[in-house]
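# Structural description and commentary
Listed here are the chains, written in short residue letters.
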Amino acid sequence: MTKNQIHEWHERLEDGRKQYIRAYWNSREWQFRYAHPDGEAWMPLENPPPERWLELRDLLFRKYQRKKLPWKYVVDLDKKLEDMGIKLEEDEPQSEDE
């Protein structure tokens, strides 16, 4: 992966507020942070649950589909998820000769 990357998405909490999640690749590891629109700063998310990792994987895969990200970044994250014991569905890109 490149030296630094930031990927961000949001979700609605049960009380209707938005929560922003940011995954930051610092050339060695992924760091997760979260924030609320009414909050002041990004707060670290220590030991993110498997759902966060799968959301990041989905985000990277969708960026790959839109040609915004090389496939090798998705593969690198898949290897990390496999090492962590997180199962995912196969989303292999279709080769042109199939």
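My aim in this report is to walk through the structure given alongside it, one point at a time. (Residues numbered from 1 in each chain as written. Predicted model: local features only at pLDDT ≥ 70, side-chain atom pairs only at ≥ 80, totals over all residues. Heavy atoms only, no water.)

### Things to note about the sheet that holds strand 4 (residues 43-44)
Reading across the sheet, the four strands line up as 1-2-3-4 and stay open at both edges, with antiparallel pairing between neighbours. Edge strands, defined here as strands with exactly one partner in the open sheet, are strand 1 (5-12) and strand 4. Across six bridges, strand 2 (residues 18-25) lies against strand 3 (residues 30-35) in antiparallel orientation. Each bridged residue has a counterpart across the sheet, and for Tyr24 the counterpart in strand 3 is Gln31. In the packing of helix 1 (residues 50-65) onto the sheet, the strands contacted are strand 1, strand 2 and strand 3, and the crossing angle to strand 1 comes to about 115°. (Pairing = 2+ DSSP bridges. Helix = DSSP H or I, 4+ residues; strand = E, 2+ residues; numbered from the N terminus. Contact = heavy atoms within 4.5 Å. Axes fitted to C-alpha atoms, helices over the stretch in contact; angles between N-to-C directions.)

### Quick look at the packing of aromatic side chains
Within this structure, the stated rule accounts for five aromatic pairs. Ring centres 4.8 Å apart and planes at 70° place the aromatic pair Phe32 and Trp53 in the edge-to-face group. Of the two residues, Phe32 is situated in strand 3 and Trp53 in helix 1; the sequence distance between them amounts to 21 residues. Just as Phe32 is buried, Trp53 falls in that class too. Their ring planes at 75° and their centres at 6.0 Å tell us that Phe61 and Trp71 sit as a pair that is edge-to-face. One end of the pair, Phe61, is in helix 1; the other, Trp71, is in helix 2 (residues 71-84), and 10 residues separate them in sequence. Per residue, the accessibility class of Phe61 equals that of Trp71, and both read buried. A network of ring pairs unites the aromatic residues Phe61, Tyr64 and Trp71 as a single cluster. (Phe/Tyr/Trp six-rings, centres within 6.5 Å; stacked < 30°, edge-to-face > 60°. Buried < 20%, exposed > 50% of the residue type's maximum accessible area, 1.4 Å probe, protein only.)

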